[in-house]
Amino acid sequence: ALEALGYATVQPILRTSYAQFGFGSLDNDVEDLEELFGCEAFRGVEEVFMVGHSTGSQVCAHYARHGKAEKKLRVCLQGGVSDRETDSEREVVRRSPILTRAQWQVDTGKGAEFLPRECHWAPMTARRYLDLHDVGGAD
């Protein structure tokens with residue numbers, strides 16, 4: 001149906017896609033999208049529609065703010081809230097020691113190192129954990 005209207009769909013696999021979200025950054029995602037939009041398939045494309053769900057919403061918003069956006073950009077955010085904004089009091093208490101450990105790692109120059117496996121279901125660096133779960137984090 002979209003092809004008849006002159007549109008195509010693309011689902012980019014970014015460095016932070018799937019379980020890899022624990023060791024990337026929004027800046028990496030912007031770089032990946034810049035590379036995608038600069039490839040041959042996008043030559044002549046004047047307008048891009050981006051749809052982001054959950055963390056993908058953060059990616060879209062970050063791209064809209066920091067990307068080169070040489071094409072007309074339209075963005076749809078689905079579930080565009082930070083997970084930490086919906087945490088229960090119990091979850092906040094559970095995360096407190098992990099946040100403390102992650103902050104210690106960042107403060108001692110080890111922010112790019114992974115947290116222990118029991119800290120999160122996906123592999124996650126200390127810096128990324130703070131970006132996702134700390135008040136004022138990048139995501």
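## What to know about helix α1 (residues 26-37)
Between its first and last C-alpha, α1 extends 16 Å over twelve residues, near the 16 Å set by a 1.5 Å rise per residue. Leu26, Asn28, Asp29, Val30, Asp32, Leu33 and Phe37 are the residues of α1 that are buried. Residues of α1 that are buried sit in contact with β1 (47-53), α2 (55-66) and α4 (126-133).

## Here we look at the packing of aromatic side chains
If you walk through the whole model with that rule in mind, you get five aromatic pairs. Between the aromatic rings of tyrosine 7 and phenylalanine 49, the centroid separation amounts to 5.7 Å while the plane-to-plane angle is 75 degrees, which identifies the pairing as edge-to-face. Of this pair, tyrosine 7 sits in the segment before α1 while phenylalanine 49 sits in strand β1, and the two are 42 residues apart along the sequence. You can call phenylalanine 49 partly exposed: its relative accessible area is 44%. Taking 5.5 Å as the distance between ring centres and 75 degrees as the angle between the ring planes, the aromatic pair formed by phenylalanine 37 and tyrosine 63 counts as edge-to-face. Here tyrosine 63 lies in helix α2 and phenylalanine 37 lies in helix α1, a separation of 26 residues in the sequence. On the accessibility criterion, tyrosine 63 (3% relative accessible area) is buried. Each residue in the set Phe37, Phe42 and Tyr63 is aromatic and connected to the rest through ring pairs, giving one cluster.

## As for the layout of surface pockets
The calculated volume of the largest pocket comes to roughly 1200 Å³. Elements represented by at least two residues in the lining of the largest pocket include exactly α1, β1, α2 and α4. Looking at the lining of the largest pocket, the element that brings in the most residues is β1, giving seven residues. Per-class residue counts for the lining of the largest pocket are 23 nonpolar, twelve polar and five charged.

## Digging into a nonpolar patch on the surface
On the surface, a nonpolar cluster with roughly 420 Å² of combined accessible area is contributed by Leu2, Leu5, Tyr7 and Phe49. Tracing the chain through its elements places leucine 5 in the segment before α1. The class of leucine 5 is exposed, set by a relative accessible area of 63%.

## What to know about the packing of helix α3 (residues 89-107) against α4
The geometry of a pair of packed helices is captured by two quantities: the angle between their axes and the separation between those axes. Put simply, α3 and α4 touch, their axes get as near as 8 Å, and they point 130 degrees apart. Overall, the two elements α3 and α4 adopt an arrangement that is oblique. Between α3 and α4 lies a crossing of left-handed hand. Along its contact with α3, which presents Arg95, Ile98, Leu99, Ala102, Gln103, Gln105 and Val106, the element α4 presents Ala126, Arg127, Tyr129, Leu130 and His133. Considered class by class, the residues forming the contact of α3 with α4 number seven nonpolar, three polar and two charged.

The rules we used
Residues numbered from 1 in each chain as written. Predicted model: local features only at pLDDT ≥ 70, side-chain atom pairs only at ≥ 80, totals over all residues. Heavy atoms only, no water. Helix = DSSP H or I, 4+ residues; strand = E, 2+ residues; numbered from the N terminus. Expected span 1.5 Å × (residues − 1). Buried < 20%, exposed > 50% of the residue type's maximum accessible area, 1.4 Å probe, protein only. Contact = heavy atoms within 4.5 Å. Phe/Tyr/Trp six-rings, centres within 6.5 Å; stacked < 30°, edge-to-face > 60°. 1 Å grid on protein atoms, 1.4 Å probe; cavity = no way out; pocket = protein on both sides within 12 Å on 5 of 7 lines; lining within 4 Å. Points joined across faces, edges and corners; volume = space filled by probe spheres on them. Nonpolar A, V, L, I, M, F, W, Y, C, P; charged D, E, K, R; others polar. Patch = residues over 30% accessible without salt bridge, like charges linked within 9 Å, V, L, I, M, F, W, Y side chains within 5 Å. Areas by Shrake-Rupley, 256 points an atom, 1.4 Å probe, with all protein chains shown as cover. Salt bridge = Lys/Arg side-chain N within 4 Å of Asp/Glu carboxyl O. Axes fitted to C-alpha atoms, helices over the stretch in contact; angles between N-to-C directions. Parallel < 35°, antiparallel > 145°, perpendicular 65-115°, else oblique. Left-handed = near helix turned anticlockwise from the far one by under 90°.

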